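# Summary of structural features
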Amino acid sequence: MRLNLIGPPGAGKGTQAHRLVERHNLVQLSTGDMLRQAVTAGTEIGLKAKSVMDAGQLVSDEIVIGIISERLDNRDVRNGFVLDGFPRTLAQADALAGLLEEKRMPLDRVILLEVDDEALVERISGRFTCSNCGAGYNDTLAPTKQPGVCDKCGATEFSRRSDDNAETVRERLLAYYKSTSPLIGYYHAKDLLSRVDGMGEMEAAAAAIEEILAAIRG
Ligand code: AMP
């Protein structure tokens, strides 16, 4: 199965992508994760991307298309993948369509996670992740059961993304509405779009996604 999750920052794309990886054995293709790894590793791409990411803006199409194109050459994607955070512009969406056509691996479905703009800043500003197992939490909406201890693995180290502050979040939202939201019409016109309510519990969105996948499989 080849899926693409779209939606504004904080809509739950990463969380749902993780679930899909666990449940359906898909490979997660997150350009955000790939770029953060490049920043940590201090590669040329990482150095170029860091200031853009910290400002909440979009890294150039050329860079992210290059990253994803290389990643799609890896054999592991043949068993299915879930794209999360790519494409984010129409140019990226066209490039992706070309790459997938070449490889005869068309997208099965594009799932839009819909959320209220108002909820997003609170969702993102409070989020943090277990440094050991990657479990996601939120200061007010989904805290750990025991303060400072991961519910899943018991680790006590957590990390926050440097671009998860209120000011950068506003910029990221702006980038979403300016550059990424046209993808909704684009994929609707290609008859690939399904909408899921991302406002409720993450299990409810996960269940709605499962229904969509069941319909694809027939
Ligand atoms: P994410 O983890 O998907 O929220 O991405 C974090 C940041 O990485 C974004 O705010 C952008 O600066 C950059 N980024 C990730 N994916 C893309 C993309 N497809 N196009 C441009 N910039 C991206």
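Quick caveat: nothing in here was measured; it's all calculated off a predicted structure.

### Considerations on the sheet that holds strand β2 (residues 27-30)
The five strands lie next to each other as β2-β3-β1-β4-β8, forming an open sheet whose pairing is parallel. Across the chains shown, the open sheet's two edge strands, defined by having one partner strand only, are β2 and β8 (193-197). Each neighbouring strand pair of the sheet contributes to a mean axis angle of 25°, computed without reference to strand direction. Here β2 pairs with strand β3 (residues 81-84) via four bridges, running parallel. Residue pairing in the sheet places Val27 in a bridge with Phe81 of β3. Its contacts with the sheet put helix α2 (residues 31-41) on β2 and β3, and the angle it makes with β2 is roughly 70°.

### Some words on the side chain of Arg109
Tracing the backbone shows Arg109 in strand β4 (residues 109-114). The buried charged residue Arg109 lacks any salt bridge partner; its closest oppositely charged side chain belongs to Asp191, at an N-O distance of 5.2 Å. Discounting residues that sit within four places of it in the chain, Arg109 has contacts with Arg2, Leu3, Asn4, Asp191, Leu192, Leu193, Ser194, Ile212 and Ile216.

### Comments concerning the sheet that holds strand β7 (residues 158-159)
Read across the open sheet, the three strands follow the order β6-β5-β7; overall the sheet is antiparallel. Edge positions in the sheet fall to β6 (136-138) and β7, since each has one partner strand and no second. Sheet topology places strand β5 (residues 127-130) next to β6; three bridges connect them, and they run antiparallel. The residue of β6 that forms the bridge with Arg127 is Asn138.

### What about the site of the ligand?
Neighbouring the ligand are 16 residues; Thr31, Arg36, Gln57, Gly85 and Gln92 lie closest to it. Between Gln57 and the ligand, the recorded distance is 2.5 Å, taken from a backbone N or O atom to an oxygen atom. One of the side-chain nitrogen or oxygen atoms of Arg161 is found 3.1 Å away from an oxygen atom of the ligand. Taken by itself the ligand offers 480 Å² of open surface, and the protein chains cover 96% of this. The element best represented in the shell around the ligand is α2, accounting for four residues. Looking at the shell around the ligand, its residues break down into six nonpolar, five polar and five charged.

What counts and what doesn't
Residues numbered from 1 in each chain as written. Predicted model: local features only at pLDDT ≥ 70, side-chain atom pairs only at ≥ 80, totals over all residues. Heavy atoms only, no water. Pairing = 2+ DSSP bridges. Helix = DSSP H or I, 4+ residues; strand = E, 2+ residues; numbered from the N terminus. Axes fitted to C-alpha atoms, helices over the stretch in contact; angles between N-to-C directions. Contact = heavy atoms within 4.5 Å. Buried < 20%, exposed > 50% of the residue type's maximum accessible area, 1.4 Å probe, protein only. Lys, Arg positive; Asp, Glu negative; His and termini not counted. Salt bridge = Lys/Arg side-chain N within 4 Å of Asp/Glu carboxyl O. Near = heavy atom within 4 Å. Polar contact = N/O pair within 3.5 Å; in protein donor to acceptor, adjacent residues only side chain to side chain. Areas by Shrake-Rupley, 256 points an atom, 1.4 Å probe, with all protein chains shown as cover. Nonpolar A, V, L, I, M, F, W, Y, C, P; charged D, E, K, R; others polar.

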